[in-house]
Amino acid sequence: MYFDILMLRVLSDQPRHGYEIKKQVERILGGRSINNNVLYPALRRFEEQGAVERAAAEADPGRPPRNVYRLTDTGHDLFQSMIRDADPALLADDNEFQVRVSFFDDVPPEDRLRIIAVRRDIVQAQIDHLDSLRPDAQSEPWGLRVMDFHRDNARRELAWLDGLAAAAGGAP
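Residues numbered from 1 in each chain as written. Predicted model: local features only at pLDDT ≥ 70, side-chain atom pairs only at ≥ 80, totals over all residues. Heavy atoms only, no water.

## Side note on the nonpolar core
Judged by nonpolar contacts, the single largest core of 42 residues is most densely connected at M7, I21 and V25. For this core, the secondary-structure elements that each account for two or more residues are helix 1 (2-13), helix 2 (18-28), helix 3 (36-49), strand 3 (67-71), helix 4 (73-84), helix 6 (94-102), helix 7 (109-133) and helix 8 (141-167). The greatest single-element share of this core, amounting to 8 residues, is contributed by helix 1. Aside from chain neighbours lying at most four places away, what touches I21 is M7, V10, L11, R16, L39, L43 and Y69. (Core = buried A, V, L, I, M, F, W, Y, C linked by side-chain atoms within 4.5 Å. Buried < 20%, exposed > 50% of the residue type's maximum accessible area, 1.4 Å probe, protein only. Helix = DSSP H or I, 4+ residues; strand = E, 2+ residues; numbered from the N terminus. Contact = heavy atoms within 4.5 Å.)

Structure representation (structure tokens):
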């Protein structure tokens, strides 16, 4: 779903043709390549939902015309709905959570706090799970190192989440 959020966000700036959308999203993702078999079906799906409108752009000499996609009011509403979605199954994924945080400027404070609270519960559950496994892993020193690494990262994330909550206007 985070890929859909990024596509809609890129289109919220200005109408673009598919290649421009692809390159902008790839830039946001740090150069990770996006397959056209993912991009164009998503654009067709958005078009069917009324989230984007397609128009043929003027063609360069010797080239076929490109379709230009424009975000509609429905698309803007869909973008808002997606970035406010606090489904724990989604927010357990780092990319899903981080994309939402990236667009917190577009999210009301109460929704920011709700998203952070859901993610905080997920991270705390990870820590609790690792702590429950620790007694049985005492005979596996390398396994303990891996567990400690993940637990320490999760604890750092809790501190970061607490900072996000404070910046969003509420206590963790």
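Next comes the rest of the write-up.
## Some remarks on the pattern of salt bridges
For the coordinates displayed, the defined rule picks out 16 salt bridges. With a shortest N-O distance of 3.3 Å, R84 and D111 are connected by a salt bridge. Residue R84 is located in helix 4, and its partner D111 is located in helix 7; the two are separated by 27 residues in the primary sequence. Accessibility expressed as a relative area gives 11% for D111, which makes it buried. Between D131 and R151 there is a salt bridge; the shortest N-O distance is 3.2 Å. (Salt bridge = Lys/Arg side-chain N within 4 Å of Asp/Glu carboxyl O.)

## Notes on the pairing of strand 3
It is a general feature of regular strands that their side chains alternate between the two faces of the sheet. Two elements, strand 1 (residues 16-17) and strand 3, share 2 bridges in a ladder whose sense is antiparallel. Directly across from R16, in strand 3, lies its bridge partner Y69. With 5 bridges joining them, strand 2 (residues 52-56) and strand 3 adopt antiparallel strand pairing. In the sheet register, A56 faces strand 3, and the bridge partner there is N67. (Pairing = 2+ DSSP bridges.)

## A short note on the packing of helix 7 against helix 8
In a pair of packed helices, the angle between the axes and the distance between the axes together describe the arrangement. Put simply, helix 7 and helix 8 touch, their axes get as near as 9 Å, and they point 160° apart. Of the possible angle classes, the one that applies to helix 7 and helix 8 is roughly antiparallel. Relative to helix 8, helix 7 is oriented so that their crossing is left-handed. Every residue of helix 8 that contacts helix 7 at L113, I116, R119, R120, V123, Q124, I127, L130, D131 and L133 is listed here: M147, H150, R151, A154, R155, E157, L158, L161, D162, L164 and A165. Grouping the constituent residues of the contact of helix 7 with helix 8 by class yields 12 nonpolar, 2 polar and 7 charged. (Axes fitted to C-alpha atoms, helices over the stretch in contact; angles between N-to-C directions. Parallel < 35°, antiparallel > 145°, perpendicular 65-115°, else oblique. Left-handed = near helix turned anticlockwise from the far one by under 90°. Nonpolar A, V, L, I, M, F, W, Y, C, P; charged D, E, K, R; others polar.)

## What to know about helix 8
Between its first and last C-alpha atoms helix 8 spans 39 Å; for 27 residues at 1.5 Å apiece the expected length is 39 Å, and the two agree. Listed in full, the buried residues belonging to helix 8 are L144, M147, R151, A154, E157, L158, L161, L164 and A165. Buried residues belonging to helix 8 abut helix 6 and helix 7. Just beyond helix 8, the residue with positive phi is G169, at close to 105°. (Expected span 1.5 Å × (residues − 1).)

## Here we look at helix 2
Along an α-helix, residues three or four positions apart point the same way, because every turn accommodates 3.6 residues. Among all positions of helix 2, only G18, I21, K22, V25 and E26 are buried. Relative to the axis of helix 2, the buried residues are bounded by an arc of 130° and lie together on one face. Summarising the contacts, the buried residues of helix 2 are in contact with helix 1, strand 1, helix 3 and strand 3. G30, located one to two residues past helix 2, shows a positive phi value of around 80°. (Arc of directions from axis to C-beta.)

## Considering the packing of helix 1 against helix 4
Packing of helix 1 against helix 4 leaves a shortest axis separation of 10 Å and a crossing angle of 140°. On the basis of the axis angle, helix 1 is oblique to helix 4. Where helix 1 crosses over helix 4, the handedness of that crossing is left-handed. On helix 4, the residues that touch D4, I5, L8 and R9 of helix 1 are G75, L78, F79, M82 and I83. For the contact of helix 1 with helix 4, the class distribution of residues is 6 nonpolar, 1 polar and 2 charged.

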